[in-house]
Amino acid sequence: MRITVTVDGIEYADDVEPRQLLVHYLRDKLGKVGTVVGCDTSNCGSCTVHLDGHSVKSCSVLAVQAHGSEVTTIEGLARDGKLHPVQQAFHDNHALQCGFCTPGMIMQSIDLLADNPDPDEAAVRHGLEGNLCRCTGYQNIVKAVRDAAHQMRPGAGPEVERVDEPHVSRTKSQISGGER
């Protein structure tokens, strides 16, 4: 099945198997390996991306369901060499240990802050409850989200993720180093 999807500001058109999961399309076809495959059962949240500005667990979405949509991955957050404020807050607050859950935590945190730009600790914990971390105990993750909220007022959302330049259509050969 042929799909067209905009990922991190670049439009892609590809043939995919109807049963291919979005996480595998992003990683295997597009090389977006920051989107982690954790459990493949939508329990851990490591594969969280934004689909049309809202967080989804990409292991529970088929690639064909993303047809015509915008997907933002962890790789699409930085702008002009500068980390997204949530990425920076995770760094500044040491909100990671092994880093496996970090991309999903950051993506979910951005969505949380879009809905609630000034969450208290309980709201952060509730907003991240579908994302698991086996290393940290969450204290620094909560601290990072609250720090990002203060840095980002009035909030985050799809406009933070948008690329300022017009969408660029690229073919698979162009992406893999062919003609530009």
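Residues numbered from 1 in each chain as written. Predicted model: local features only at pLDDT ≥ 70, side-chain atom pairs only at ≥ 80, totals over all residues. Heavy atoms only, no water.

This brings us to the overall build of the protein. When helices and strands are counted, the protein shows 7 helices and 6 strands. In the protein, the succession of helices and strands from N to C terminus is β-β-α-β-β-β-α-α-α-α-α-β-α. When the 180 residues of the protein are sorted by exposure, 46% land in the buried category. In the protein, once contacts between residues fewer than 6 apart in sequence are set aside, the share between residues at least 24 apart is 60%. Just so you have it, the protein exposes about 9,200 Å², and 49% of that area is on carbon and sulfur atoms. (Helix = DSSP H or I, 4+ residues; strand = E, 2+ residues; numbered from the N terminus. Buried < 20%, exposed > 50% of the residue type's maximum accessible area, 1.4 Å probe, protein only. Contact = heavy atoms within 4.5 Å. Areas by Shrake-Rupley, 256 points an atom, 1.4 Å probe, with all protein chains shown as cover.)

This paragraph deals with the environment of G104. By the secondary structure assignment, G104 is in helix α3 (residues 102-115). Linking G104 and N131, residues 27 residues apart in sequence, is a C-alpha distance of 7.1 Å. Excluding anything up to four places from it in sequence, G104 contacts G45, S46, T48 and N131.

For the rest of this paragraph, the subject is the confidence of the model for the protein. For the protein, the average pLDDT comes to 87, and 85% of its residues sit at 70 or higher. Note that residues 162-180 has pLDDT below 50 and, in this model, 24 contacts with residues that lie over four places away or in other chains. (pLDDT = per-residue confidence, 0-100.)

A separate point is the pattern of salt bridges. Scanning the entire structure with this criterion turns up 4 salt bridges. Residues R2 and D15 are paired through a salt bridge, measuring 3.6 Å at the closest nitrogen-oxygen approach. Of the two residues, R2 is situated in strand β1 (residues 2-7) and D15 in strand β2 (residues 10-15); the sequence distance between them amounts to 13 residues. One salt bridge in this structure joins E17 and R19, with 3.7 Å as the shortest N-O distance. (Salt bridge = Lys/Arg side-chain N within 4 Å of Asp/Glu carboxyl O.)

Even without being a glycine, D52 presents a positive backbone phi close to 50 degrees. Counting through the fold element by element, D52 comes out in the loop between β3 (48-51) and β4 (54-57). What makes D52 partly exposed here is its relative accessible area of 43%. Located in the positive-phi region is H94, a residue other than glycine, with phi close to 50 degrees. Structurally, the position occupied by H94 is in the loop between α2 (85-92) and α3. Owing to a relative accessible area of 60%, H94 belongs among the exposed residues under this scheme.

For P103, the position within the fold is in helix α3. Note: C-alpha distance between P103 and Q87 (16 residues apart in sequence) is 8.8 Å. Ignoring sequence-local partners within four residues, the contact set of P103 consists of G34, V36, T48 and I74.

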